[in-house]
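# Structural overview
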Amino acid sequence: MTSFDAGSLAAAPGRIDRQTGNVRFLGQDRPFWRILVRGAVLLMVTLGIYRFWLITDTRRFLWANTEIDGDSLEYSGTAMEILLGFLVAIALLVPLYIAFFVGALDLGTAGLTTGLALVALALIGQYAVWRARGYRLTRTVLRGLHFHQTGSGLHYAICVLFWWAMIVMTLGLAYPFAQASLERFKLAHTHYGDLAGRFEGSGFRLLLRGLPLWFVVMAPTFIAFSALLSIDWDRVGEIVGRGGTSDDILGRIAAGAPEFYEVIGLFVLAFGFAVSAAIVLFPAFQTIVMRWWVSGLRFAGVGVTSRLRMSDVYAAYLRFLGYLLLFALAMIVMAFITFAAIGLFFGTSAESKAAEIFTILGMVGLYVVSALGLSTIYQATAKLWVWRLTAQSSVLSGVAALDHVRAAGAPDSPVGEGLADALNVGGGV
Amino acid sequence: MSVRTGTARYFDGLTSARRDVTLELAAHALVIRQADGIILGEWSYIRLKHLSAPDHIFRIALRKNAAPARLEITDMDLAHEIDLLAPDIDRTGASARRDRRRVIGWACFAAVMMVLSAAYGVPLLADRLAPLVPRGFEQRIGVAANAQLRTMLDKGPADRPFDCGEGPIEQAGQAAFERLVRQLETAANVRIPLEVSVVRRAEANAFALPGGFIYVFQGLIDKAENADELAAVIAHEIGHVAHRDGMRALLQGAGLSFLFGMMLGDFVGGGAVVLAGRAILQSAYSRRVEHAADRFGVEVMLALGADARALGRFLERISGDTPGGFSVLLDHPTAQERAAAINAMAPPQSRGVTLLDPAEWAALKRICAAYRT
């Protein structure tokens, strides 16, 4: 679980490349758009039941168009399979929820029970994430052989919770070590036929690459919150407690705690800067992590090197932004038309139930269309492009080892995937 | 008759070796032949299935085959001929689209059924199940909810008791209050022992929890003009206890959580659908429950010979104007609606029986007098 693995750094360059190979992505934008847009519409109509088919279509497209050393991947899972897995997961979860509920009653509703239940749910959630990964791997076929996963899901879930706690306690500095440790765990239990995977990325190197970004975001955040601490909150609380109109209170604060407004101004400025920096730097962060992750992947003698370029990833996100602006414009026009139509049909002051129901439906509908639209655009632009760029910029070494792999491992059950879906931790693709 | 042949790439599902093979479209099956003529497999046409692949590759496998053996064909004419021979392969996508349309139809049907069961099935089930819940269980839920609620509501200084009626100048008021409650309890004939408390909260409100806990806020007593108005509110709350509405709301909420939270929803934006659906359905259910409790309250007041219209009048006075926002999202009907319904049930009473004499009522008004709010 510790991450000081500088030793593997020294070992990596020593490997002899017997043969290099390429990764390619052959998929076009248009068919992917078609899958996603149709899926989004059907998700709305079926209140989400269509998600099993949408995710299957999406994976089939992405897998089939990803070519590793001349052979394309294949996703062999079916929507029916994960629907059944989902139903089984529900049947398993309902008694669990009832047990939680009754247990909370018997032990009294102390915060302890709720806390324990939350930790238990987080554990089950991460266990589900692990099992879902196993399902996806065993449904990934390359050259007539599927991948598979060994190892304990509970072990993984405990590691994840431990690292989350570490990340929170170190204000994010543990993130590279968490990634390295968890990826080592995942890859050590990942196999392509009888070819064992492993992960050679070093947490320390990721830390060095990401540290500048961390400073740009965390320094102003730190300034913002330490500024807040400099306010005499007891005094402000006492002033507010005296009551009166909001103008009175604001006036009294200006007189009684003059530093208040300056500090709040500083907070807004510093925190605003931190948030905008986080947004602007996200593609850079993604590039760094992706390049580090891909370059750390190994399957026995097969290695990967990523030459993902940051400028390409930024271009993908700019495209996403362009589509997003167009979509926002369209949504504003649509919102205007929707409410104008409701106003026209029912009058503005009518207190009829029908008008209310239509207004609520209109609001919910617009929200859902916006959210689904945003997600669709994100997947069809940024996500697809980053997938393609990552594939195209990866170079394989030692691919001769891929010619002599033997089948191994049995297919995993889709219940893990269903469990992840039922617990809303399903990781999409 | 010549047999159509062509080339393909074959993976046997046991090793990752790429094999370039010759395919023979024989009458009985697709024969896979290695370069040296050895037959690697004979795939029956009826068991062939078409798999996802990039556009330039036609990828097929054998259904119900233990190993994931694959054939990849780039010669599209050959692919076309196999398509014609294999009943389950349709490269035009027409049968896939037909299957998908069927799926969409069933999914829509399932969604409609789920909405209908949320709107009608869940309340019906909650109404039927609530009476079957053992009293002891309801009592435990009540005790737990009661403890949690007290810590939530009690915002006063630590040295001030949350309950009214304990201080020396409050005891006369407490005695009057208890006499009022006793009369109502006898008339209502509820089998659950009631625990009615007056607490120091400025809002004009009262509510009932599962297990017979009823809270009357100080603000309500301040606003009441006579004992009948206060009695009518308590009678309404006793109605909730008698109907076991707390239990029903709990069951109904759990049912909706299950239907909306688990079965539906795990898609972007689905959260809003779930919230809006729950809010509308739960408020509709709650409004129905309130009407039933009003009816119960009216019957109790009539049984006591007191002024049954007091509740409607009191509600109209304290509610002020119609609240803003959406009426389909209100969990109580508007005061006007309730008053109208109550007046339709209760005849006007010029002179009701006084539930408390003036001295008792004056004492009750001072039940929270020991501490300034």
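Procedures and definitions
- Residues numbered from 1 in each chain as written.
- Chains lettered and ligands numbered in written order.
- Predicted model: local features only at pLDDT ≥ 70, side-chain atom pairs only at ≥ 80, totals over all residues.
- Heavy atoms only, no water.
- Helix = DSSP H or I, 4+ residues; strand = E, 2+ residues; numbered from the N terminus.
- Buried < 20%, exposed > 50% of the residue type's maximum accessible area, 1.4 Å probe, protein only.
- Contact = heavy atoms within 4.5 Å.
- Areas by Shrake-Rupley, 256 points an atom, 1.4 Å probe, with all protein chains shown as cover.
- Axes fitted to C-alpha atoms, helices over the stretch in contact; angles between N-to-C directions.
- Parallel < 35°, antiparallel > 145°, perpendicular 65-115°, else oblique.
- Left-handed = near helix turned anticlockwise from the far one by under 90°.
- Nonpolar A, V, L, I, M, F, W, Y, C, P; charged D, E, K, R; others polar.
- Polar contact = N/O pair within 3.5 Å; in protein donor to acceptor, adjacent residues only side chain to side chain.
- Buried area = accessible area lost by both parts, 1.4 Å probe.
- Salt bridge = Lys/Arg side-chain N within 4 Å of Asp/Glu carboxyl O.
- Arc of directions from axis to C-beta.
- Pairing = 2+ DSSP bridges.
- Patch = residues over 30% accessible without salt bridge, like charges linked within 9 Å, V, L, I, M, F, W, Y side chains within 5 Å.
- Disulfide = S-S within 2.5 Å.
- pLDDT = per-residue confidence, 0-100.
- Phe/Tyr/Trp six-rings, centres within 6.5 Å; stacked < 30°, edge-to-face > 60°.

### Some thoughts on the overall build of chain B
Counting its secondary structure elements, chain B contains eleven helices and ten strands. Each principal axis of the C-alpha atoms in chain B carries an extent, and together these give about 115 × 45 × 35 Å. When burial is assessed residue by residue, chain B has 48% of its 373 residues classed as buried. At a minimum sequence separation of 6, the contacts of chain B that also span at least 24 residues come to 61%. Surface exposure of chain B reaches about 18,000 Å², of which carbon and sulfur atoms provide 58%.

### Let's talk about the packing of helix H8 (residues 270-304) of chain B against helix H10 (residues 335-345) of chain B
All names here are of chain B. Closest axis-to-axis distance for the H8/H10 pair is 10 Å, and the angle between their directions is 40 degrees. With respect to each other, H8 and H10 are oriented oblique. Where H8 crosses over H10, the two elements pack in a sense that is right-handed. Of the residues in H10, those in contact with Glu290, His291, Asp294, Arg295 and Val298 of H8 are Glu337, Arg338, Ala341, Ile342 and Met345. Here the residues of the contact of H8 with H10 are counted per class, giving four nonpolar, one polar and five charged.

### A few points about the side chain of asparagine 65 of chain A
Mapping asparagine 65 of chain A onto the fold places it in the loop between helix H3 (51-64) and strand E2 (66-68). Side-chain polar atoms of asparagine 65 of chain A contact the backbone oxygen of phenylalanine 61 of chain A, separated by 2.9 Å. With residues near it in sequence (within four places) discarded, asparagine 65 of chain A still touches Arg24, Phe25, Leu26 and Gly27 of chain A together with Pro54 of chain B.

### Describing the interface of chain A and chain B
Counting from both sides, the interface comprises 60 residues of chain A and, opposite them, 50 residues of chain B. Taken over both partners, the interface formed by chain A and chain B buries close to 4,600 Å², and the fraction arising from carbon and sulfur atoms is 65%. Applying the counting rule to chain A against chain B returns six salt bridges. Two residues, arginine 9 of chain B and aspartate 71 of chain A, come together in a salt bridge whose shortest N-O distance is 3.2 Å. One can count 13 residue pairs in polar contact (both at pLDDT 80 or more) joining chain A with chain B. Mapped onto the side of chain A that touches chain B, the elements with two or more residues apiece are helix H2 (29-45), H3, strand E3 (71-72), strand E4 (74-75), helix H4 (79-106), strand E6 (145-149) and helix H13 (353-392) of chain A. For the side of chain A that touches chain B, the element with the highest residue contribution is H13 of chain A, accounting for twelve residues. Classifying every residue of the side of chain A that touches chain B by side-chain character gives 33 nonpolar, 13 polar and 14 charged.

### Quick notes on unusual backbone geometry
Residue and element names in this part refer to chain A. Here the phi dihedral of leucine 171 falls at roughly 55 degrees; this positive angle occurs in a residue that is not glycine. Topologically, leucine 171 is positioned in the loop between helix H6 (153-169) and helix H7 (175-188). Even without glycine at this site, alanine 300 takes up a positive phi of about 50 degrees. Secondary-structure assignment places alanine 300 in the loop between strand E9 (297-299) and strand E10 (302-306).

### A few points about the packing of helix H8 (residues 203-229) of chain A against helix H11 (residues 259-296) of chain A
Residues and elements named next belong to chain A. H11 packs onto H8 with a crossing angle of 170 degrees between their chain directions and a minimal axis gap of 7 Å. Looking at the two axes, H8 sits roughly antiparallel to H11. As H8 runs across H11, the sense of the crossing is left-handed. A breakdown of the residues in the contact of H8 with H11 according to their chemical character gives 26 nonpolar, two polar and one charged.

### Concerning helix H1 (residues 76-85) of chain B
Given 3.6 residues to a turn, an α-helix orients residues that are three or four positions apart in the same direction. Residues and elements named next belong to chain B. For H1, the complete set of buried residues consists of Leu78, Ala79, Ile82 and Asp83. The arc that holds the buried residues of H1, viewed along the axis, is 145 degrees, so those residues lie on one side. With respect to the buried face of H1, the exposed residues turned more than 90 degrees away are Asp77 and Leu84. If you follow the buried residues of H1, they end up packed against strand E1 (5-11), strand E2 (19-25), strand E3 (29-33), strand E5 (48-51), strand E6 (58-62) and strand E7 (70-73). N-cap assignment for H1: the residue whose side-chain oxygen lies 3.0 Å from the backbone N of aspartate 77 is aspartate 75.

### Section: the environment of leucine 269 of chain A
Here leucine 269 of chain A shows up in helix H11. Distance from leucine 269 of chain A to proline 220 of chain A, taken between C-alpha atoms, is 8.8 Å for residues 49 residues apart in sequence.

### With respect to the sheet that holds strand E4 (residues 39-44) of chain B
All names here are of chain B. Strand order in the open sheet formed by seven strands is E4-E3-E2-E1-E7-E6-E5, with antiparallel pairing between adjacent strands. Two strands in the sheet have a free side with no partner beyond their single neighbour: E4 and E5. Averaged over all pairs of adjacent strands, the angle between strand axes in this sheet comes to 35 degrees, irrespective of strand direction. H1 contacts E1, E2, E3, E5, E6 and E7 of the sheet and is inclined by roughly 50 degrees relative to E2.

### Details of a nonpolar patch on the surface
Nonpolar side chains collect at one region of the surface, where Trp106, Phe109, Val112, Met113, Leu116 and Tyr120 of chain B lie side by side and expose about 680 Å² of accessible area between them. As for its position among the elements, valine 112 of chain B is in helix H2 (residues 94-129).

### Overview of the state of the cysteines
One way to say it: the disulfide is the covalent bond shared by the sulfur atoms of two cysteines. All names here are of chain B. In total, this model carries one disulfide over all chains according to the counting rule given. Between the sulfur of cysteine 164 and that of cysteine 368 lies a disulfide, 2.0 Å long from S to S. Measuring the twist about the S-S bond at about 105 degrees, one finds the cysteine 164-cysteine 368 disulfide to be right-handed. Separated by 204 residues along the polypeptide, cysteine 164 in the loop between helix H3 (135-153) and helix H4 (171-188) and cysteine 368 in the segment after helix H11 (358-365) bring together distant segments of the chain. The two residues cysteine 164 and cysteine 368 agree in class, both being buried.

### Observations concerning H10 of chain B
Residue and element names in this part refer to chain B. Every buried residue belonging to H10 is among Ala335, Arg338, Ala339 and Ile342, and all of these are buried. One face of H10 carries all of its buried residues, which in axial projection span an arc of 100 degrees. Contacts from the buried residues of H10 go to helix H6 (227-242), H8 and helix H9 (310-319).

### A short note on the confidence of the model for chain B
Across chain B, the average pLDDT comes to 85, with 93% of residues at or above 70. Scoring the predicted complex yields pTM 0.84 and, for the interface, ipTM 0.81.

### Focus on the packing of aromatic side chains
All names here are of chain A. One pass over the full model with this rule turns up 28 aromatic pairs over all chains. Judged by centre distance (5.4 Å) and plane angle (85 degrees), the ring pair of phenylalanine 225 and phenylalanine 267 falls under edge-to-face. Residue phenylalanine 225 is found in helix H8, and its partner phenylalanine 267 is found in helix H11; the two are separated by 42 residues along the sequence. For phenylalanine 225, a relative accessible area of 42% puts it in the partly exposed group. Note on phenylalanine 267: relative accessible area 19%, which makes it buried.

### So, the environment of leucine 54 of chain A
Residue and element names in this part refer to chain A. Considering the arrangement of structural elements, one finds leucine 54 in helix H3. Through-space distance from the C-alpha of leucine 54 to that of tryptophan 233 is 51 Å; in sequence the pair is 179 residues apart. Ignoring sequence-local partners within four residues, the contact set of leucine 54 consists of Ile35, Leu36, Gly39 and Leu43.

### A few points about the confidence of the model for chain A
Here chain A averages 87 in pLDDT, while 90% of its residues score no lower than 70. In this model, residues 1-17 of chain A is a region of pLDDT below 50 whose contacts with residues beyond four sequence positions or in other chains number 22 contacts.

### Section: the sheet that holds strand E8 (residues 195-199) of chain B
Residue and element names in this part refer to chain B. If you walk across this open sheet you meet the three strands as E8-E10-E9, and the pairing is mixed. This sheet does not close on itself; its edge strands, each paired only once, are E8 and strand E9 (206-208). On average, each strand axis in the sheet is inclined to that of its neighbour by 15 degrees, with strand direction left out of account. Sheet analysis places E9 next to strand E10 (residues 213-217), joined by three bridges and oriented antiparallel. Bridge pairing links alanine 206 to valine 216 in E10. Of the strands in this sheet, E9 and E10 are in contact with H6, which crosses E9 at around 20 degrees.

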